Amino acid sequence: MVKGARKILVLGCRGCVAVCSAGGDKEVKILSAALKLGVKRSGGEIEIDEDTLVRQCDPEYIEPLNERAKDYDLVMSMACGVGVNFVADRCPDVNVVPALNTTFYGANLSSGEWKELCAGCGACVLHLTGGLCPVARCAKSLSNGPCGGSQGGRCEINPDVPCIWQLIYDRLSKQDRKEELKNIMPIRDWTTAGHGGPRRRVREDLLP
Ligand code: SF4
Ligand code: SF4
């Protein structure tokens, strides 16, 4: 990505990526040092500036960047994909590239381990499934019980992963609520899950 660039800005984010030790101040320094070394080893020259914004997903932090970004051949954002998009939208004259490969949005299980628990589908059913998500945590996003491949409580797609419908059943059984599973969920409208194009949410009460 940096090939041919003479001056770049490595731009970190102190939001979620910093918490995940992927794109905060420390990682900006590590990446910048690695890039300098890599370019030098290949006989090139590069000038690298470093900065870290409070967040790359809020305009108030990005706006001061627009003018400044014009000084660079390239801005390498260390935010998640949302941050990279947000910076690119607001800096139309600059080549903005991602330093990270955003995998998913999840929870921290333990140091160095994260798990996807919600896919932001926009039609939450957690009240029907004991608080466990069949959209994000079932490989087929099934709505009404397991597929035929669930064996011994494991998922047929990946036996390292529990079948979420087994966990839902176990949990509702323990809470004496398994009768609730007899209620058939209607066919989902997947347009709220992003299948109807990019989503947008407006809270009138928060508008200026
Ligand atoms: S049902 Fe949808 S909104 Fe609710 S946890 Fe699962 S993916 Fe997220
Ligand atoms: S085994 Fe369970 S979690 Fe895996 S795809 Fe089938 S229903 Fe979903």
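Note that the structure is predicted; figures quoted are calculated from it, not measured.

Draft legend 1. Examining the overall build of the protein more closely. Tallying secondary structure elements over the protein gives six helices and six strands in all. Listed by position from the N terminus, the elements making up the protein come as β-α-α-β-α-α-β-α-β-β-β-α. Against the 2.2 N^0.38 benchmark of 17 Å for 208 residues, the protein shows a C-alpha radius of gyration of 22 Å, more extended than a compact globule. With the principal axes as the frame, the protein shows a C-alpha extent of 65 × 45 × 25 Å. Relative to its 208 residues, the protein shows a buried fraction of 23%. When contacts within the protein are restricted to residue pairs at least 6 apart in sequence, those whose partners lie at least 24 apart make up 51%.

Draft legend 2. View of the site of ligand 1. With respect to spatial proximity, the complete set of residues near ligand 1 consists of Cys118, Ala119, Gly120, Cys121, Cys124, Val125, Leu126, Cys133, Val135 and Ala136. When the residues that make up the shell around ligand 1 are grouped by side-chain class, the tally is nine nonpolar, one polar and no charged.

Draft legend 3. Local environment of the domain arrangement of the protein. When cut into domains, the protein gives domain 1 (7–98) and domain 2 (104–196). Placing the centre of domain 1 and that of domain 2 at their C-alpha centroids yields a distance of 36 Å.

Draft legend 4. Summary view of the site of ligand 2. The environment of ligand 2 is formed by 14 residues, the closest being Cys138, Cys147, Ser150, Cys155 and Cys163. A per-class count over the shell around ligand 2 returns 10 nonpolar, two polar and two charged.

Draft legend 5. Quick look at the sheet that holds strand S3 (residues 74–77). In space, the four strands of this open sheet follow the order S2-S1-S3-S4, with parallel pairing throughout. Taken across any chain shown, the strands that pair with only one partner, and hence form the sheet edges, are strand S2 (47–53) and strand S4 (95–98). Pairs of neighbouring strands in the sheet enclose a mean axial angle of 25°, with direction left out of account. Here strand S1 (residues 7–13) pairs with S3 via four bridges, running parallel. Residue pairing for S3: Leu9 is matched across the bridge by Val75. Along the sheet, helix H2 (residues 25–41) contacts S1 and S2; its crossing angle with S2, the most-contacted strand, is approximately 165°. Against the sheet, helix H5 (residues 81–90) contacts S1, S3 and S4, and its axis sits at roughly 180° relative to S4.

Draft legend 6. Examining the nonpolar core more closely. In terms of nonpolar packing, the biggest core is built from 26 residues, with Val75 and Met78 touching the most fellow members. Only S1, helix H1 (16–19), S3 and H5 provide two or more residues apiece to this core. Among the elements that take part in this core, S1 stands out by supplying five residues, more than any other. Sequence-distant contacts of Met78, that is, excluding residues within four places in its chain, are made with Val10, Leu11, Gly12, Cys13, Val17, Gly23, Glu27, Val28, Leu31, Ala99 and Leu100. Core analysis: the second largest hydrophobic core is formed by six residues, Cys138, Cys163, Trp165 and Ile168 among them.

Draft legend 7. Geometry of unusual backbone geometry. In the Ramachandran plot, Ser21 falls in the positive-phi region, its phi being about 55° despite a non-glycine side chain. Classification of Ser21 by C-beta neighbours within 10 Å gives exposed; the count is 11. For Asp176, which is not a glycine, the phi torsion comes out positive at approximately 55°. Assessed through the 8 C-beta atoms surrounding it within 10 Å, Asp176 is described here as exposed.

Draft legend 8. Up close: H5. Listed in full, the buried residues belonging to H5 are Gly83, Val84, Phe86 and Val87. Projection of H5 onto a plane perpendicular to its axis shows the buried side chains occupying an angular sector of 165°, all on one side. Against S1, helix H3 (59–62), helix H4 (65–69), S3 and S4 lie the buried residues of H5.

Draft legend 9. How the structure looks around the pairing of S3. Burial of the side chains of S3 extends over both faces: Leu74 and Met76 are buried on one face and Val75 and Ser77 on the other. When S3 meets S4, the two strands line up parallel, connected through four bridges. Bridge pairing links Leu74 to Asn95 in S4.

Calculation criteria
- Residues numbered from 1 in each chain as written.
- Chains lettered and ligands numbered in written order.
- Predicted model: local features only at pLDDT ≥ 70, side-chain atom pairs only at ≥ 80, totals over all residues.
- Helix = DSSP H or I, 4+ residues; strand = E, 2+ residues; numbered from the N terminus.
- Rg over C-alpha atoms; globule rule 2.2 N^0.38 Å.
- Buried ≥ 20, exposed ≤ 12 C-beta atoms within 10 Å, placed from the backbone.
- Contact = placed C-beta atoms within 7 Å.
- Near = placed C-beta within 6 Å.
- Nonpolar A, V, L, I, M, F, W, Y, C, P; charged D, E, K, R; others polar.
- Domains from an automatic or database assignment.
- Pairing = 2+ DSSP bridges.
- Axes fitted to C-alpha atoms, helices over the stretch in contact; angles between N-to-C directions.
- Core = buried A, V, L, I, M, F, W, Y, C linked by C-beta atoms within 7 Å.
- Arc of directions from axis to C-beta.

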